[in-house]
Structures are given as C-alpha cells and as structure tokens.
Amino acid sequence: IDWNFERGDTLKYYYQSHLDKFKGKKILHFAPEQELIDFFRNLSRDQGIYYRTADAFLKNVDHRVDICHASSSIPEKFDIIIIHRVLEHIVDDKAAVSNLRQLLRPGGFIHHSVPMSCSNDTINWDIPDDSHEGHVRQYGRDYVQLFESIGLSTKVDDWLLSRSRDEY
C-alpha cells in the first residue's frame, strides 16, 4: 500500500464516488486543495457544476477573503460549501461557521472535516501552536455542537473511513 498520498487525492476519491450530490450545484470551496480545483473545474463543463474558490492567502482563487468575513465580500449564495482542514486554524471558528451559513442557499450544506479526537472534548490553545502545525485547537467529540449552536444540523458521513486505503 502506498501511504504517500495527499489529502486532496482522498477527497477527490470521495467526490468522484458521490458525483450525484454535486451535479448542477453551486459550490464554494475554501482553502482548496489543488487536486480538487482541477477535478471540479473539469467537471464544471460536463456536469453543470458552478465552482468557485476562496482563501485569505492563496493567490489562485476566485475570492481572496477572510473566512470570518466572507459573507460581506461574496455576493452569491451556494448550494454546497467545502471546507476541509481549515477550522482548526481559525481563532473564532464560530464566526467562520456563522459566515459560511450566510453564504448557503436554503437546503444547502457545508461539507467539512477537521482533525479530531473522538475520545475527548475540544481543547483550545487560543494562539497558533507551531508544535501542532499552526492549529489553535484540537477538536473533540463535541465538534458538531459548533454547527448546531448556529442552527445547522449535522450528519456524520463515515464513507471514507469505511474504505480500505488500497481503494484510493
């Protein structure tokens, strides 16, 4: 088994296997992985997907915005917002998620993931911790409360976790 694959490749595998959820949708992707930028831009032509990217630091994105203030800078609403491995770097994660909610169309959803420990509650460090790749927190089993506290329902999708790595 080749364990040297990028997170973007794993997510691409997920999205390839679930195209029906994304066809004909307006998608906003924060801190986009290059593998997914290429994947969704190619799909846009064939599957009727409207795909836009956003980030505060990356230069090759459609919207250069801070995630905590994105709704005041992006005039559109989206069916799907993709955000993987970002919230653990954001000091005010509740403001970020609230902002994302404002960018959602009715019936839309946020497809998200963070590194987390399922056996503990979230631990906040309040400042970026260089020993933890600049994270300001380690999410725990209470992670879903972040979304539920602003009125978003959550659903755990463990499809990727149930796959053998040699399927990728």
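Preceding block: the structure.
Residues numbered from 1 in each chain as written. Predicted model: local features only at pLDDT ≥ 70, side-chain atom pairs only at ≥ 80, totals over all residues. Heavy atoms only, no water.

A. Focus on the layout of surface pockets. The volume enclosed by the largest pocket comes to roughly 1,400 Å³. Every residue lining the largest pocket is counted, 39 residues in all, and those nearest its centre are His 84, His 111, His 112, Ser 113 and Asp 157. At seven residues, strand S5 (residues 104-113) tops the list of elements feeding residues into the lining of the largest pocket. When grouped by side-chain class, the residues that make up the lining of the largest pocket number 20 nonpolar, nine polar and ten charged. Quantified by volume, the second largest pocket comes out at close to 240 Å³. If you trace the second largest pocket, you find 13 residues lining it, with Asp 55, Ala 56, Phe 57, Val 86 and Ile 90 closest to the centre. Grouping the constituent residues of the lining of the second largest pocket by class yields eleven nonpolar, no polar and two charged. (1 Å grid on protein atoms, 1.4 Å probe; cavity = no way out; pocket = protein on both sides within 12 Å on 5 of 7 lines; lining within 4 Å. Points joined across faces, edges and corners; volume = space filled by probe spheres on them. Helix = DSSP H or I, 4+ residues; strand = E, 2+ residues; numbered from the N terminus. Nonpolar A, V, L, I, M, F, W, Y, C, P; charged D, E, K, R; others polar.)

B. How the structure looks around the packing of helix H1 (residues 7-17) against helix H2 (residues 34-47). Viewed as axis vectors pointing N to C, H1 and H2 meet at an angle of 30°, and their least axial separation amounts to 8 Å. The angle between H1 and H2 falls in the class roughly parallel. For the pair H1 and H2, the contacting residues are Gly 8, Asp 9, Leu 11, Lys 12, Tyr 15 and Gln 16 in the first and Glu 35, Leu 36, Phe 39 and Phe 40 in the second. Split by residue class, the contact of H1 with H2 holds five nonpolar, two polar and three charged. (Axes fitted to C-alpha atoms, helices over the stretch in contact; angles between N-to-C directions. Parallel < 35°, antiparallel > 145°, perpendicular 65-115°, else oblique. Contact = heavy atoms within 4.5 Å.)

C. Expanded view of the nonpolar core. Counting residues in hydrophobic clusters, the biggest one holds 27 residues, and the most contacted among them are Phe 30, Ile 67, Ile 81 and Leu 87. Of all the elements in the fold, those that place two or more residues in this core are strand S1 (26-30), strand S4 (78-84), helix H4 (93-102), S5 and helix H5 (144-148). Grouped together as the second largest cluster of nonpolar side chains are 17 residues, Tyr 15, Phe 40, Ile 80 and Trp 159 included. (Core = buried A, V, L, I, M, F, W, Y, C linked by side-chain atoms within 4.5 Å. Buried < 20%, exposed > 50% of the residue type's maximum accessible area, 1.4 Å probe, protein only.)

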